[in-house]
Each structure stands twice: as C-alpha cells, then as structure tokens.
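Each chain is listed here by its residues.
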Amino acid sequence: MGTHYVGSLDAFKDKINAQGGSSLRYMGQRVPNVNGRGIVTGNVKYTTNVKVPGLLAAAFKRNPNGRAKITSVDTSAAESMPGVVKVLTGKSTEVAGKMNLGDEPLIAENDVTYFSQIVAIVVAETIEEAEDAVDAIQVKYEPQDSITDVVAAADKNPPVIVHTPRLITPPFEADRPNVINCFYVKSGDVQKGFADADVIVESEFDTSADPHGYIVPTSAVAQPHGDGTMTVWGDVQNIHPVPWPTAAGAADMPMDKINFIGPEICTGGFGGKNCGVPGVYAALLAKVTGRPVRVIFDDTRLLHATRPWCHAKVKAGAKKDGSFTAFEVTFWVGTPYVRFTMTVMERAREAITCTYHWGHRDLYPRPNVMFTAYDTYTNLCSTMSYRGFGVLESQFPHETAINMLADKLGMDKVAIRLKNITKDGERSAQNEIIRSVGSEGVFNKTKEMMDSWGPKPSVPEPWVVGRGFSGANKYSQGDMVHNLIFLKLRANGIVDIISDSMDIGQGMNTVSRQIVAEAMNVPIENVRKVEVNTSYVPWTSDSFSSSATVDMGGAAIVAAKNAKQQLFDLAAPKLGVKPDQLETKDGKIMVKGSPDKAITWGDAMTPRPHMVISGGLNDPVGAPNDYDGPGKNDYATGQALGPYFRLVMHMNFMANGCEVMVNKETGELRVTKFIAGNDVLPVNPTLCEGQIIGGGLYHGMANGMYEDIYIDKGAYLSRTLLDWKMPTILDYPKEGDTHSALVPVWGEYFGENPRIDCPFGGKGIGEGVDCAAVPCLVDAIHDATGAWITTSPAATQAKILKALGKA
Amino acid sequence: MWGLSMQKNLGIMGRVISCLTLVLLALDGNNRRNKKMSDEKKEKTAEKTTTGLSRRSFITGTVAGLVVGAAATYGATTLTGPTAPAKPAGVEPVSGKTINLKINGKPLSTWVNARWTLLELIRDTVGLVGTPEACYYGECGACTVLVSGKPMLACEIFAIETNGWDIATIEGLAKGDKLHPIQESFIKNTAFQCGVCAPGFIMSAKALLDKKSSPTEDEVREAVSGNLCRCGTYNVVTRAIMNVGK
C-alpha cells in the first residue's frame, strides 16, 4: 500500500472548537462516503436516470468544419419524417438573436466559428427518429480559413478576423481585432532584475485544448407543466450561478418559473459541467414543443468544451545563490466565444505571483514581475473551466522555468524554491497579503517522502530513470455574497441540510454532513441532505475551484451557531438557567457541568415539530465582497489599490514528486512512483486522498502524458475516447507506488484586514495537484534524458522522440 | 479512426467505422482498454461490422407512439415487457421481435425494437438503471454486464441478439439487504468518487473473482483494464478487489 501521510490536527482543536466544533468528533475523521451503498448497488439519482412520461428526444446537427459560412440549411425532408415534432435552425423565430453564455448564438445562423457548433436541432418522439431526421438535414457550407494559432490571432494584423463585427471590444489593445480582453501585472523593475541576474532562462510553452474526459455525457431533462412553470433536471456542478439563469433565458421565462434540480451526484464534472449547457437546450425545446424533452450531448462528450489552448513565453532570472531576480511572462489563450477564458487569465495571475518572490526579499523592495495575457478569439473548439482556471496553463511554464534555473545553477529543486518562497503575511506581486502559506511544510514533507525511495533503480538499456519535482499554488475562488444555508432541526434530534452544495464525486454529501455533525455535536447518521434545487434550496456554494468545502462550511458553522443559540434561548427558561450556561450533544440540551440537567431538542422547541434556521457569510447583513471589484485592482498594473481584502479567495499550496522510466529508443514513458502533497486540514482524509491521487495525480498524468489533440484546418480529429486516449489502470502506477501527504495548515482568506478564518481551518484540495503534475513529469523526463519538453501533453512517444532528436 | 466521431450523426458509416476501429485497435494491441474484450465479443463486433448492422440503419421503420420508457414489471417471478405496438393506420409497423432471456436469474419475455441496444433494454424497458448510460460506444466499460459470467458491454450488443442469454447486472449482486462481498469491499475502501464507473468495475471484478478467488495485483489490473474512471480511482479499485472478504 502506498504511503499516505496525514499530519495531526490536535494543535488546531482549540481553534476548531472556538468556531463551534466538537473536539474533532467528525472533523478530520475517515467517515465512509455516505453515498457508498447507493453507488455500489446502482441506486444513485443521477440525471441520466430521470424519465418522465411522454419524454421527447433531441438530436443535434453540428458543424463538421472549422470556420465556415452557412450557405443553406434544408430541413424539408427532416420535417416530414416520422415522429418528428420540431426542427429548429438559426433562422427559427424561437431562437433568432438568442445568445448563450455571453456571445454565442444558441444555434448558428449565417456563420460557424468552431468545429461541432450547433446548426440545427430535431425534436422527435424517440432518439432514433431524431437522429434519422438530423441525418436528413442538408447543410451547405462554404469553408473558410480557420485561425487556430493563438499568438497569430492576437496580432494587430491577424490572418483571420474571427468575428465581424467584433462581438466584444476591450478597453485596452483595441487595435488587436481578435483580442477580447487583457490582463497585466507590472510589479517592481523587471529590467533591473534581469540585468542583475547571473543566469536567465527563456522558453515557450504550449498547453493544448484538453477535454474534461468525463465518461458520462452532460445531459438534461426539461418538463413544462402547462401553467407557465417548468422543471429542469441537469447533470451539473452547480445550479444557481449559470445553469438556472441560462435555461430561463433560452426558454424566455422568468427564472422563478423554473425549478432547476441537480443530481444526487454529478457524474464527474472537472469544470466541464459548470454551465449545464444541455439544460439550456432542454428548456428551450420544452418551451417550444410544450412537452418534456431530454437532451444528452453524447456526440460531443469530449468536444462539447475543452480547456482553452494556451501559449506562454517565459523569461526568468536568478543570482548564483538561487535568489530570484525577475520573471516575465506573456500568455495567449484562444476561444471561439467568450465563455470563461477571461477568468482563465485573471486567475493565472495568482498562480504566477503568490508562491514565490520573483525578486528576492533581501535584494528588492518589491517582486519584479511582468505578466501580460491576451484572451483571443480563435476558431479553436468551445472552451470551459477545467480543474484550475489558468493554473495548469501558468504553473507548467512557471514551475518548469524554476527547474530550468535550478538545473543551470546546479541547485536542488526544493532548496531553490524554499529560498524564494513567499512567507505568510508577505505581499505578492499584486501587492496583496498572502496568508495561510503551507508551501514550506508541503515541499519538505514531499521531499522527505521522495528521499525514502532511496537511490534510483538500475534499469536495462535503453531505459533510463529520472525523478522530478514541482511546486504549485492554486487559488480557490469562492462566493460570500451568495452564501446561505438552512438547517432544519427536528424534535427528534435529526438535522436536514438544505443547501445547493453539489456532490460531484469530491464527497460533498459526506463532507457537508461531517461539518454539520461536528458543529451541532450530533451523530452523523442523524444528519441528512435534501435534493439540490432552485425552488426552496438556498444558494450556498458552487462546486468549482476547490472551494465548495470552504464556502459550504462557512455557511454551515454560522447556521449551526444560530441554531444552537435559538435552542438555548428556548431551553434556558425550561431549565432555569441562562442560555450561555447550556451546551448540546446528541439532540439533548444540558447545563454545562451538570449533564443530568437536560432536555431534548423536542422539549425545547415544543410545540413546534421542527425549526428552520438560516446562516451564512452574508447573513444577516450581507458580506462585503470585494472580489476583483471595480477600482480594487489597477487594470494596467494588476496592483491592489489597497487597503481592501478579497473575502472570496484562499490559497492552497502543493508539491508533486515522481519517478519515471524513459525508453530512449522508442520514446515510451512509464511513471513508476508518484507523490503529491497539499497543505490542508482535511475534513475527511480518505476523501482528500481520493482528490490527490485521483483528481490530482491521475488528471495531471492524463493531461501531461496522454491526451494529444489533433486539429486539421479547425476540424478536430481527436473526437472519441479511442483517438483521444486517457490513461487506463494499466498506464497508472501501481497501488503501492502512489503516495500522498496532507500537511495541515490553518486556512485563512488572503488579502488585507480583517483576517478571516476558513471554516474549521479547511482549505481547497485536489486541483492544484493536477496542475503541479505536468511540470513534475517534465522535470523527471529531463532528469532522465537531458531534454526539456515544453508542451502539455508532454510525454507522448512522438514528443519524447522528437525531444531526443530521434523523430 | 477519426471518422467515427459524431458517430450518431454519421449514420451507418459512423457505426461501421467505429466497430472497425474497435476491432483494429483490439488486434494491434495498442489499445489496452480493449484487451479484456473476450473472443466472443470480438466475434460479435466483427459480425456487426461485416453485416453493417446499426441501431439507426438496421430498421428503417418508425416507432409510432411507442413510449420507450414503458417499464416491464421487475421483481415478479416472471418479467413481462411491452408487447409489439399495434400497427397505426398508414404507418409501417415497427420491426422488432419478442425475445426470451434471463436478467439476474429472472426470466423476461419482451418485445424489443431491433435498434435497441442491450443497455436500452436493461435501462429503459426493464428499468434497471444501475448499469450506467455512459460513453455508449464501447469505449469506457461503465455498462459492463455479465453474460453467462463473462463481462460484456451492454451498449455494444443489440437487444435483439440476446434471445436465450443469461445476463447479470449490478442490481443482481446483493441478496436482499446483504451486499455482495465485492460491494462491501468497494464501500470499505471508498473505491469510487462520483461512482458512475463503479458498477462496471464491480461486474468486471466479479467475473475475475468467480474464476480466481485470490488474484494477483497484475491480474486485477488486467481484468478491469477495460473500465475507465475519470475521477482516477484506480489505486483504490485495485485495493478493494484485492481485499474482497478481508
């Protein structure tokens, strides 16, 4: 069995109890996943299992080219085919002019911008009839030049202007016709930093447009009720922020006429199910036909959206002793429509500027950092968030540049990092105070565990062995404004959690019960969680950005505090004491120090059968939410116009180490040992290890080694799991060769004052490990072969052979 | 190889190319995830390839007014499914036939549309939704069921082929409230995250353990190598299968 280190939480017990905890009764415990029995018996309420009577099926006609003009769409044959209920094109009055997710037409009308864009939809009685009718739709295209080079697309005179007229005109760099937005950090004096440097490395990196690879396609069912209301079930990671309003928008209905219901567990999202796009079409089609409609994107499971393609140009400098002097980076990302790419580059800033001081504190008053990012229209496939907006794209070049510096200087990879690490309370290159910095502990623990591997094994020629190391940080972008939870306390001591916090496999159904059980001091069996919907469930947290535990937990501990106060206020006169003399355990309220002097929750709340208590970080008066608000950061320099605090963000720090074998003749690569560390107080170590080994290392290895995308004139050639290969169990290191380290550090939001604790000290986990894996693998390949690979995925046989000069 | 994407919209050719690809990849040994494909499965795949059968093209008739979700009664001693729909005036009759098979030991007699896969029969007609509707193209292994004890992919088999077959699904493992030891071990080792691939892993594991009660780690990995998990639970899946009954 692999080594799975978990640091002690004892030192944090008092702080946890001060937030209303119950002395680690459930916090930090390996509670079994509450959905376990449902999962192994096939009884989970996944969205794909939703069926309602009279359900229609939808099928989509999609663009097989890159960029093209649509010269004609002939639906006449399709419309008269058996079972067909409705055929929609971009010219249909029901969709004309409607946009989704900002600037993307619901159905393309005159032009298609990217491969697989929807050009027509058929709704029919059965899926077979819908597919037959889609086959009968004749679309004529006039293919045009596509632009897939993100750097050329951002030029002032690009070979192709993707949208005419331009859909969004940025406030800066308006003379670059494809550029949607730009982000900058300008800190210190980069030129001086490079002039002072003893060594400088320069390189360019590509992170390709990797799909999320979820096995189950994203799906939805919409059912109109004939009275102006509609229910939509969607396989989504969140219901409130995007899926609900976009479904309402597509159906031309007020949001409050739609009840959007999430699954018991989302079938793997990885960022790709943040938007719930099928729900948009299901709602539209149900409204148009007046009947329930099922939409499943099974023909675009991989290419319904991808991580945006990113190119990075990097320059980094250091003194002989390893002190960093300056860092300069330019990013280009490409997308056919806006979607989320703006956020990608916005978040890349934190990843670049928070782990290390680029401009050692002994040498410079401020870090020397120049960061420029162009978010650019291209004819690449549609884009979506994927396990760390902009973090893999930025950590890969960033951490690899550090390994290149260490290599040039002959320094240890961990030592050079520890020398330059940002310390708790220091200001980043964006002039923000960084708190809850666990990088030193995580780096050291990971190195210690790697050292226990002993010397490298000897392997027969032409195999060679290498070991790699990488650090990383990952912001967690939470939400304090929409942060409300209801706890329904029953007379018999049961607590129902009424919250939209979605389980997407990370274990939120278990974690939320643990946090509430810890805060209310009740057996976890007495805590339950209701269906996630927009009808009566408040907006608590969004399952993205590794932030749900902190957001949900923040609301839960406030609600639990309110609940206990109300119970004590009711019980105090009945027990003849003051409320502050009371405590609660297992559904009873007792006088502190006199456990026999007790009544039950039921006794306290009688004659009520239950009480609903609300709580949240915005309750009762509303929390300040300064997240990147206007005037908070100077746009041209990225500098905080302090003092202000970012209530919505905390930072996670992680490290990866690996050992690989490379065949110098064939380019084959095997990962033989893999380890990841994360700085976190685990609510549930078992679930955290699952995030680290699975969503972290597995995804990192998949992204870093296997998932090449091939594009021909804008048309994607890698379309299914057969030609886009994710690693199987045989490709993954054996059970005993995957290791993890959970190094506890108390979680805090970063920014200015006041200091704000994360709930029970918890932080995000998982995504950052994914992002550290690619530079770690690249470092190991270099260690083995002497070749630096600067593309992700990095380690396909062809790329290794090329790097070795053999292809 | 790329011709198989947009499979559904490519009609018969998409399906044929898809099947061809499966066979070629299985034969050239590059695609490890198809290794576990039994010889039987390969034959069936090849048969589909050569005969060019596809869900879409096999029958060109229509399913007039048929509610796919019409559920057979499951749980009774004998299962009864939908009967052939009456021929509506002016519309060609649906092509299909009545088949007899066993699902989880219970006999089922049902009419099936010739375009349905076994997966659709199990999920939509019988109502056993524990076998996931996942990739649908034989790529991921999530819909693995046991046919006379051998693991096969329900999405790659036409329902109409299964006359006389003996099929086991995830719902058939537990005896009342008592879980099968493999299921117990998956819970104990948290061998899942979102859980959608777990039924397929468990069925593949059962096929292995029924043949060999104490397999090596390599044998376990080989046996489930046709099952993909994007949450990356492979190490705990191995641990769970190695520790069944312990």
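Before any of the text, the structure's been laid out above.
The sections below set out a description of the structure shown in this document. The shown structure was predicted, so the numbers you read here are calculated from the model rather than taken from an experiment. (Residues numbered from 1 in each chain as written. Chains lettered and ligands numbered in written order. Predicted model: local features only at pLDDT ≥ 70, side-chain atom pairs only at ≥ 80, totals over all residues. Heavy atoms only, no water.)

## Some points on the overall build of chain A
Then, number 1: Helix and strand counts for chain A stand at 18 helices and 33 strands.
Then, number 2: Across the 807 residues in chain A, those meeting the buried criterion constitute 68%.
Then, number 3: Nonlocal contacts in chain A, meaning residues at least 24 apart in sequence, comprise 79% of its contacts between residues at least 6 apart.
Then, number 4: Accessible surface, chain A: about 25,200 Å² in total, of which carbon and sulfur atoms supply 51%. (Helix = DSSP H or I, 4+ residues; strand = E, 2+ residues; numbered from the N terminus. Buried < 20%, exposed > 50% of the residue type's maximum accessible area, 1.4 Å probe, protein only. Contact = heavy atoms within 4.5 Å. Areas by Shrake-Rupley, 256 points an atom, 1.4 Å probe, with all protein chains shown as cover.)

## Let's talk about the side chain of T510 of chain A
Then, number 1: Secondary-structure assignment places T510 of chain A in helix α13 (residues 508-520).
Then, number 2: Dropping the residues within four chain positions of it, T510 of chain A is found in contact with V31, P32, N33, V34, D503, I524, N684 and L687 of chain A.

## A short note on the interface of chain A and chain B
Often, the extent of an interface is quoted as the loss of accessible area on bringing the components together.
Then, number 1: Residue-level contacts link 80 residues of chain A with 69 residues of chain B.
Then, number 2: Taking both partners together, chain A and chain B bury about 6,300 Å²; carbon and sulfur atoms supply 57% of that area.
Then, number 3: Contact with chain B buries area across many residues of chain A, yet V40, L722 and I729 of chain A alone supply 13% of it, more than any other trio.
Then, number 4: Between chain A and chain B we count 6 salt bridges in total.
Then, number 5: Residue D132 of chain A pairs with R115 of chain B through a salt bridge whose shortest N-O separation is 2.9 Å.
Then, number 6: Along the contact surface separating chain A from chain B lie 26 residue pairs in polar contact (both at pLDDT 80 or more).
Then, number 7: Taken together, the elements giving at least two residues each to the side of chain A that touches chain B come down to α2 (36-41), β2 (56-62), α4 (127-136), β15 (293-296) and α16 (685-706) of chain A.
Then, number 8: When residues of the side of chain A that touches chain B are assigned to their parent elements, the largest contribution, 11 residues, is made by α16 of chain A.
Then, number 9: Of the residues contributing to the side of chain A that touches chain B, the split by class is 34 nonpolar, 25 polar and 21 charged. (Buried area = accessible area lost by both parts, 1.4 Å probe. Salt bridge = Lys/Arg side-chain N within 4 Å of Asp/Glu carboxyl O. Polar contact = N/O pair within 3.5 Å; in protein donor to acceptor, adjacent residues only side chain to side chain. Nonpolar A, V, L, I, M, F, W, Y, C, P; charged D, E, K, R; others polar.)

## A word on the packing of α13 of chain A against helix α14 (residues 548-575) of chain A
Residue and element names in this part refer to chain A.
Then, number 1: The interhelical angle for the contact between α13 and α14, taken along N-to-C directions, is 30°, at an axis separation of 9 Å. Taken together, the axes of α13 and α14 lie roughly parallel to each other. For the pair α13 and α14, the crossing hand works out as right-handed. Here M508, V511, S512, I515, V516, A519 and M520 of α13 lie close against α14, whose contacting residues are A548, T549, M552, G553, A556, I557, A560, A563, K564 and L567.
Then, number 2: Residue composition of the contact of α13 with α14, by class: 13 nonpolar, 3 polar and 1 charged. (Axes fitted to C-alpha atoms, helices over the stretch in contact; angles between N-to-C directions. Parallel < 35°, antiparallel > 145°, perpendicular 65-115°, else oblique. Left-handed = near helix turned anticlockwise from the far one by under 90°.)

## A look at the environment of H4 of chain A
Then, number 1: You can see H4 of chain A is positioned in strand β1 (residues 4-6).
Then, number 2: For H4 of chain A, a relative accessible area of 17% gives the class buried.
Then, number 3: Note: C-alpha distance between H4 of chain A and E689 of chain A (685 residues apart in sequence) is 7.6 Å.
Then, number 4: Ignoring anything within four residues of it in the chain, the contact list for H4 of chain A reads E689, I693, T738, H739 and S740 of chain A together with R239 of chain B.
Then, number 5: A distance of 2.8 Å separates polar atoms of two side chains, one belonging to H4 of chain A and the other to S740 of chain A.

## A look at unusual backbone geometry
Residue and element names in this part refer to chain A.
Then, number 1: Note the cis peptide between T164 and P165, where omega equals 0°.
Then, number 2: Tracing the chain through its elements places P165 in the loop between α5 (150-153) and β10 (179-187).
Then, number 3: In the segment running from E461 into P462, the intervening peptide bond is cis, with an omega of 5°.
Then, number 4: Backbone geometry at K713 places phi at a positive 50°, although glycine is not the residue there.
Then, number 5: Mapped onto the elements of the fold, K713 is located in the loop between β29 (711-712) and β30 (715-716).
Then, number 6: With relative accessibility at 70%, the residue K713 sits in the exposed group.

## Observations regarding the sheet that holds strand β9 (residues 138-143) of chain A
All names here are of chain A.
Then, number 1: The strand order β7-β3-β9 describes an open sheet built from 3 strands, whose pairing is antiparallel. Bordering the open sheet on either side are β7 (111-112) and β9, each of which pairs with just one other strand.
Then, number 2: Across 2 bridges, the pairing between strand β3 (residues 68-74) and β7 is antiparallel. Bridge pairing links K69 to D111 in β7. (Pairing = 2+ DSSP bridges.)

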